[in-house]
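Residue-level listing of the chains:
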Amino acid sequence: MAPQLLAIPGCGVLSAATIIGETAGVHRFRSKAAFARFTGTAPIPVWSGSSSRVRLNRGGNRRMNCALHMIAVTQIRGIGPGKTYLDKLMAEGKTRTEAIRLLRRRLSDVVYRTLKAVDASISDTAEQMLIAAA
């Protein structure tokens, strides 16, 4: 249904199937932020005095979060741009856990854009078929 997902480095057949099955149509989400909230990759801000930080989101769809985590781990091992992004964040002073969380959020945005492109191409194809049938 979405072979473009397999073009994302680190995304295998099982991860792509999980993403397609759990998403149930990307048209349900109004933005990439709403999609990130659904996947559990949106950060949750926490305040304590004058410091402002974010913490790991324990909510959201855990299967989607697991699929995105597996893609992130695969990219960190050297397949794709994840390793350079992780190294850049760690050089900026982020911990490894924070850097992986940020990578998962970035991958969530990539998956959202990919699914939106697939959804647009499917709707264009359906319109052409309706026009041809008429």
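Here's a quick rundown of the structure. (Residues numbered from 1 in each chain as written. Predicted model: local features only at pLDDT ≥ 70, side-chain atom pairs only at ≥ 80, totals over all residues. Heavy atoms only, no water.)

To continue, consider the nonpolar core. Formed by 27 residues in total, the largest nonpolar core has its most connected members in Leu-5, Ile-19, Phe-35, Val-111 and Leu-115. Those elements that provide at least two residues to this core are helix 1 (13-23), helix 2 (32-39), helix 3 (62-76), helix 4 (82-91) and helix 5 (96-133). For this core, the element with the highest residue contribution is helix 5, accounting for eight residues. Apart from residues no more than four positions distant in its own chain, Val-111 is found in contact with Leu-5, Ile-8, Ile-19, Phe-35 and Leu-68. (Core = buried A, V, L, I, M, F, W, Y, C linked by side-chain atoms within 4.5 Å. Buried < 20%, exposed > 50% of the residue type's maximum accessible area, 1.4 Å probe, protein only. Helix = DSSP H or I, 4+ residues; strand = E, 2+ residues; numbered from the N terminus. Contact = heavy atoms within 4.5 Å.)

This paragraph deals with helix 1. Inspection of helix 1 places Ser-15, Ala-16, Ile-19 and Thr-23 among the buried residues, and these make up the whole buried set. In an axial view of helix 1, the angular spread of the buried residues amounts to 100°, which keeps them on one side of the axis. Along helix 1, the residues that are exposed and aim more than 90 degrees away from the buried face are Val-13, Leu-14 and Gly-21. Taken from the residues just after helix 1, Ala-24 is the one with a positive phi, measuring 55°. (Arc of directions from axis to C-beta.)

Just distances and angles here, no functional claims.
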